[in-house]
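# Inside the fold
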Amino acid sequence: MKTVSPVREQLLEHTLVLLGTRGYNGFSYRDLAELVGVKTSSIHYYFPTKEDLALAAVQAYAANIGEIMRDMDINGPLKEQIEKYLALWRKNLGTGRVCLCGMLAAEATSLPENVLAALQTFYCMHEAWITRRLERVVAEKGAQLPAPPAAYAMTILGALQSGLVSARLFGKPDRLDAASAMLRSAIGADSSKQAAPVAAVAWSD
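Please read all numbers here as calculations on a predicted model, not as lab measurements. (Residues numbered from 1 in each chain as written. Predicted model: local features only at pLDDT ≥ 70, side-chain atom pairs only at ≥ 80, totals over all residues. Heavy atoms only, no water.)

In this section: the nonpolar core. Ranked by size, the top nonpolar core spans 60 residues in total, and within it Y85, I130 and L134 carry the most contacts. Among the elements of the structure, α1 (6–21), α2 (29–36), α4 (50–70), α5 (78–90), α6 (100–105), α7 (113–141), α8 (149–170) and α9 (174–186) are those that each provide at least two residues to this core. A per-element tally of this core places α4 first, with 10 residues. (Core = buried A, V, L, I, M, F, W, Y, C linked by side-chain atoms within 4.5 Å. Buried < 20%, exposed > 50% of the residue type's maximum accessible area, 1.4 Å probe, protein only. Helix = DSSP H or I, 4+ residues; strand = E, 2+ residues; numbered from the N terminus.)

Shown next, in the form of structure tokens:
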């Protein structure tokens, strides 16, 4: 079994935070070296280029979230699935971080092609997950959506990404709650239902 270096793990962990708060162009290997307590040459040993580092971070981030999403049985209770899914978005509230892939998507024109492709895969994963739930609602309940399931899934995902960014900007979780209500309403859940209060969270970067 291949052993993963603790240094490599630490580099990735700190990179996830840096990318989620500053974006791709907002930090250097020197910043990362200071956080981990290593020389920049050590970073280059594991990740020869920043492109390699960013790609590994995006892939790790997507794999972690993808595993959670795949564990939600499409045939299980829809309301329960939606709340678990929305909890993935709420976990960054008050941390100064947004969705790592949403942050990087804003820098699309300056990203390496392989990192851009990984981001597109991440977005498509979410859109497909939401689409399947919307299709189920249409098939089982004859729900009338504002747009076809696949198109509406893109709208909902965009609202969630924007909602998380706006929540950080204004320091108010209701910015994300408004986007969450779109998805709850689409599957027939109570759109007024909210997750646990986050008022006690310190809103800062």
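For the rest of this paragraph, the subject is the state of the cysteines. Under the counting rule described, the total for this entry stands at zero disulfides. Free cysteine C101: the closest other cysteine sulfur is in C99, separated by 5.1 Å. (Disulfide = S-S within 2.5 Å.)

Residues of the protein chain with pLDDT of at least 70 account for 90%, and the chain-wide mean is 90. Mean pLDDT across the elements of the protein chain bottoms out in α9 (94) and peaks in α4 (97). Confidence drops under pLDDT 50 across residues 191–205; counting only partners more than four residues distant or on other chains, this segment forms 27 contacts. (pLDDT = per-residue confidence, 0-100. Contact = heavy atoms within 4.5 Å.)

Take α4 next. The end-to-end C-alpha separation of α4 is 30 Å, in line with the 30 Å expected for 21 residues at 1.5 Å each. Listed in full, the buried residues belonging to α4 are L53, A54, L55, A56, A57, V58, Y61, A62, I65, G66 and M69. On the buried face of α4, the contacting elements are α1, α2, α5, α6 and α7. (Expected span 1.5 Å × (residues − 1).)

With that settled, the discussion passes to the packing of aromatic side chains. The tally for this structure, following the rule as stated, stands at five aromatic pairs. The interplanar angle of 35° and the centroid separation of 5.7 Å between the aromatic rings of Y61 and F122 together place this pair among those described as tilted. Of this pair, Y61 sits in helix α4 while F122 sits in helix α7; the two residues are 61 residues apart in sequence, bridging distant segments of the chain. Pair check on accessibility: Y61 and F122 agree, each one buried. Both rings, one in F122 and one in Y123, keep their centres 6.4 Å apart while their planes meet at 70°; by these two values the pair is edge-to-face. You can call F122 buried: its relative accessible area is 2%. (Phe/Tyr/Trp six-rings, centres within 6.5 Å; stacked < 30°, edge-to-face > 60°.)

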